[in-house]
Amino acid sequence: MRRLWIGFVPYIAVSIVHVAALAVGSTAVAPPTKLALMPLLALAVVWGARGSGWTRAHTLFVVAIGLSWLGDGAGTFVPWLPTVPMMLLFFGLAHLCYIWLFWRMLAVRRVPPWAAVYAVWWLALLAVLWPHLGGLAVAVALYGLVLGGTAVAASRCHPLIVWGGVFFLASDSVLAFRLFLPDAMPDWTSPLVMLTYCVGQSLIAAGVLVGVRARRPAEEPAVTR
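All values reported here derive from a predicted model rather than from experimental measurement.

Asker: Go over the nonpolar core with me, naming the residues and quoting the values.
Answerer: If you look at soluble globular proteins, the nonpolar side chains tend to sit buried side by side. Core analysis: the biggest nonpolar cluster contains 59 residues, and Phe8, Phe61, Leu101, Phe102, Leu106 and Val208 have the highest contact counts within it. Put simply, the parts of the chain that give this core at least two residues each are helix H2 (9-24), helix H3 (30-49), helix H4 (56-72), helix H6 (83-105), helix H7 (117-133), helix H8 (137-154), helix H9 (159-180) and helix H10 (189-224). Leave out the neighbours within four places in its chain, and Phe102 touches Ala107, Thr150, Ala153, Ala154, Cys157, Ile161, Ile204 and Val208.

Asker: Residues and numbers for the environment of Val193, please.
Answerer: Here Val193 is to be found in helix H10. Contacts of Val193, omitting those with residues within four sequence positions, involve Ser171, Val174, Leu175 and Arg178.

Asker: Help me get a handle on the side chain of Thr55, residues and values and all.
Answerer: As for its position among the elements, Thr55 is in the loop between H3 and H4. Only 3.3 Å separates the side chain of Thr55 from the backbone nitrogen of Ala57, close enough to count as a polar contact.

Asker: Could you give an account of the packing of H2 against H3, naming the residues involved and the relevant values?
Answerer: In contact at an axis separation of 9 Å, H2 and H3 are set at 155° when each is read in the N-to-C sense. With respect to their mutual orientation, H2 and H3 come out roughly antiparallel. Between H2 and H3 the crossing geometry is left-handed. Along the contact surface, H2 presents Pro10, Tyr11, Val14, Ser15, Val17, His18, Ala21 and Leu22, while H3 presents Ala30, Thr33, Lys34, Ala36, Leu37, Met38, Leu40 and Leu41. A breakdown of the residues in the contact of H2 with H3 according to their chemical character gives 12 nonpolar, 3 polar and 1 charged.

Conventions used here
Every chain is numbered on its own, with residues counted from 1 as its sequence reads. Local features in a predicted model are, by the rule used here, given only for residues with pLDDT of at least 70; side-chain atom pairs are given and counted only at 80 or more, and totals for whole chains, interfaces and linings are based on all residues. Note: side-chain values were computed over all heavy atoms of the structure, leaving out hydrogens and water. Definition of nonpolar core: a set of buried residues of the types Ala, Val, Leu, Ile, Met, Phe, Trp, Tyr and Cys, connected through side-chain atoms within 4.5 Å. Only protein chains enter the accessibility calculation, which uses a 1.4 Å probe; a residue whose area is less than 20% of its type maximum is buried, one above 50% is exposed, and one in between is partly exposed. Here a strand is any run of E in DSSP of at least two residues, a helix any run of H or I of at least four, and the numbering for each starts at the N terminus. We call two residues in contact when some of their heavy atoms are within 4.5 Å. What qualifies as a polar contact is a pair of N or O atoms within 3.5 Å, subject to a donor-acceptor requirement within protein and to the restriction that residues adjacent in sequence count only when both atoms come from side chains. For helices, the fitted line uses only the C-alpha atoms of the stretch in contact; every axis is such a line through C-alpha atoms, and the angle between N-to-C directions lies from 0 to 180 degrees. In this scheme, roughly parallel covers angles under 35 degrees and roughly antiparallel covers those over 145, while 65 to 115 is roughly perpendicular and the rest are oblique. Two helices crossing with the near one rotated counterclockwise from the far one by less than a right angle form a left-handed crossing, whereas a clockwise rotation gives a right-handed crossing. Think of it as three bins: nonpolar holds Ala, Val, Leu, Ile, Met, Phe, Trp, Tyr, Cys and Pro, charged holds Asp, Glu, Lys and Arg, and polar takes everything else, Gly as well.

All we've got here are geometric facts, nothing functional implied.
Following this line, the structure appears as structure tokens:
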């Protein structure tokens, strides 16, 4: 287990630098460190999977990380297209991967009753933001569904994944207000978005590694049939 966590050290270090850069308004450091985050998280997953064997769950998670990376860098990778719609597209696809991964591969329990709070969150968020969404209203509503779906699916998994889903949802919620109600959001919410995002993604990654290791012995007979 100690070897597993070593792989997260570069990701954690760059996450701290990135959030700090946002806090002090460093436009020279924040963009490149942001684009380094998801590749480093993928590296942590590859490192953590050593010795236990690579599975479809690892592959699907790395695909989700790759889509998240495209979402992080939408303005850089496809500058000729509107940034916010492309972010919604890439992250929406990433969340579909997360939902499949959590629901079909890593679930260990039924959806707990408290997960109903995510439906309340979705309705409340739309009620507040709808007048400000303009032409993106439908896209944001659909993205909110898959984001909430990720959180609901995560509630069935290892506690690390449960909390990862909570932090991811919190990050995108703050980001939504920053995008569509910018005058109501203080400057410190910019680093808060990335702090909760980095924490959420890392918790999910750790939960995937732990969850796969816990499930693998039970799945071995199915693999040999």
